[in-house]
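Observations on chain architecture
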Amino acid sequence: SPKGEQYLRGMAAAANYAFVNRTIIAHSVREAFGQVLGCNPREDLQMHMVYDVAHNIAKREEHIDPKDGQIKPALVHRKGATRAFPPGHAALPTVYR
């Protein structure tokens, strides 16, 4: 629906804002460590991003409809949580399989 699409666009904008905010905070923390310890935090302390994921966002997924057993598109919102996949799942980045 138009209202649903408007909501998704707003949610995407908020997710982008949150990503940039987390990136700036991480950079500022590394800078503070570097100033206090007099070193290069990325190289000397290996302070780098390990994994960044939005934890409050709706995603388009496919799920089995329990009424008819058919796979159907769904919009899933995991409030404050992320989707978990079993080891080796194709949706996981190769490095995390």
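Summary of the structure given here.

Definitions and cut-offs
Residues numbered from 1 in each chain as written. Predicted model: local features only at pLDDT ≥ 70, side-chain atom pairs only at ≥ 80, totals over all residues. Heavy atoms only, no water. Helix = DSSP H or I, 4+ residues; strand = E, 2+ residues; numbered from the N terminus. 1 Å grid on protein atoms, 1.4 Å probe; cavity = no way out; pocket = protein on both sides within 12 Å on 5 of 7 lines; lining within 4 Å. Points joined across faces, edges and corners; volume = space filled by probe spheres on them. Nonpolar A, V, L, I, M, F, W, Y, C, P; charged D, E, K, R; others polar. Contact = heavy atoms within 4.5 Å.

**So, the environment of Pro93**
- Residue placement: Pro93 occurs in the segment after β2 (71–77).
- Counting along the chain gives 15 residues from Pro93 to Arg78, while the straight-line C-alpha distance between them is 20 Å.

**Some thoughts on the layout of surface pockets**
- A volume near 460 Å³ is recorded for the largest pocket.
- If you go around the largest pocket, you meet 17 residues; those closest to its centre are Tyr51, Val53, Lys59, Arg83 and Phe85.
- Here the residues of the lining of the largest pocket are counted per class, giving 11 nonpolar, 1 polar and 5 charged.
- Estimated volume of the second largest pocket: approximately 160 Å³.
- Around the second largest pocket, the lining residues are Met11, Ala14, Ala15, Ala18, Arg22, Ala54, His55, Asn56 and Ile57.
- Broken down by class, the residue content of the lining of the second largest pocket amounts to 6 nonpolar, 2 polar and 1 charged.

**A few points about the environment of Gln70**
- Position of Gln70 among the secondary structure elements: in the loop between β1 (58–64) and β2.
- When residues no more than four places from it in sequence are discounted, the contact partners of Gln70 are His63, Ile64 and Asp65.

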